[in-house]
Amino acid sequence: ESFRKKLSPFICFFGGKMKQFTLMAFLCIGCATPIPESGSYSLTTTPKINNCGEGYEMGDWSSEEPVEVTVDLENSQVTVGGLLLELDKNEATMEEDVVEQPIDDYIIMIKGGWYITWSTPTVASGEFGLDIFCEGSTCPSSDPNIADTLPCESKLNIEMEIVE
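The following paragraphs examine the structure supplied in this document. Model, not experiment: these values are computed from the prediction. Residue indices follow the written sequence of each chain, beginning from 1 at its first position. Only residues with pLDDT of at least 70 get local features here, since the model is predicted, and only at 80 or more are side-chain atom pairs given and counted; chain-wide, interface and lining totals rely on the full set of residues. To obtain the side-chain values, all non-hydrogen atoms of the structure were included, while hydrogens and water were left out.

**Focus: the state of the cysteines**
Part 1 of the reasoning: In this description, the term disulfide denotes a pair of cysteine sulfurs within 2.5 Å. The tally for this structure, following the rule as stated, stands at two disulfides.
Part 2 of the reasoning: Here Cys 52 is linked by a disulfide to Cys 152, with a sulfur-sulfur distance of 2.1 Å. Taking the torsion about the sulfur-sulfur bond, which here is approximately 105 degrees, the covalent link between Cys 52 and Cys 152 counts as right-handed. Note that Cys 52 is positioned in the loop between β1 (39-50) and β2 (63-72) and Cys 152 in strand β8 (residues 152-162), a separation of 100 residues in sequence. For helices the rule is a DSSP run of H or I covering at least 4 residues; for strands it is a run of E covering at least 2, with both sets numbered from the N terminus onward.

Here it is as structure tokens:
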């Protein structure tokens, strides 16, 4: 996708005048990063990718009830429905090794991760899911007992918005 094509919505928004766009971009330099707010959030998920196989479908993790989000700026942490994530400015992340399974001369590893970015103090989006990969000299490109392809990933998109 060309750079001009990516900019076209902004150019149209500013009446097609690049001078106005340049001025607006200049004025926004140094704009504050949104600080996430604690509260009850709606949580919606949609499939992003699954090239691991049927056994790794993430399903729908959307919540009909609001999910409690607690922001602890002092300790740089965010709790999303009981899950503790590290907070750096407006980005919350959590990565953990779920499985590390030695097999012959290679190791199958499954890592879980959450990545959430607040675009405003009350709106966030991101992704979560699994990455499966192999380390070692004889790693297979697939294994029917593990995944259709290696490495692979199974992830969902996340959309969150505070509810009043």
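Structure shown, so let's carry the discussion forward.
**Focus on the environment of Gly 112**
Part 1 of the reasoning: By the secondary structure assignment, Gly 112 is in strand β6 (residues 106-120).
Part 2 of the reasoning: For Gly 112 and Phe 128, which are 16 residues apart along the polypeptide, the C-alpha to C-alpha distance reads 7.5 Å.
Part 3 of the reasoning: Non-local contacts of Gly 112, meaning those with residues more than four positions away in its chain, are made with Met 94, Glu 95, Glu 96, Val 98, Gly 129 and Leu 130. Should any heavy atoms of two residues lie within 4.5 Å, those residues are considered in contact.

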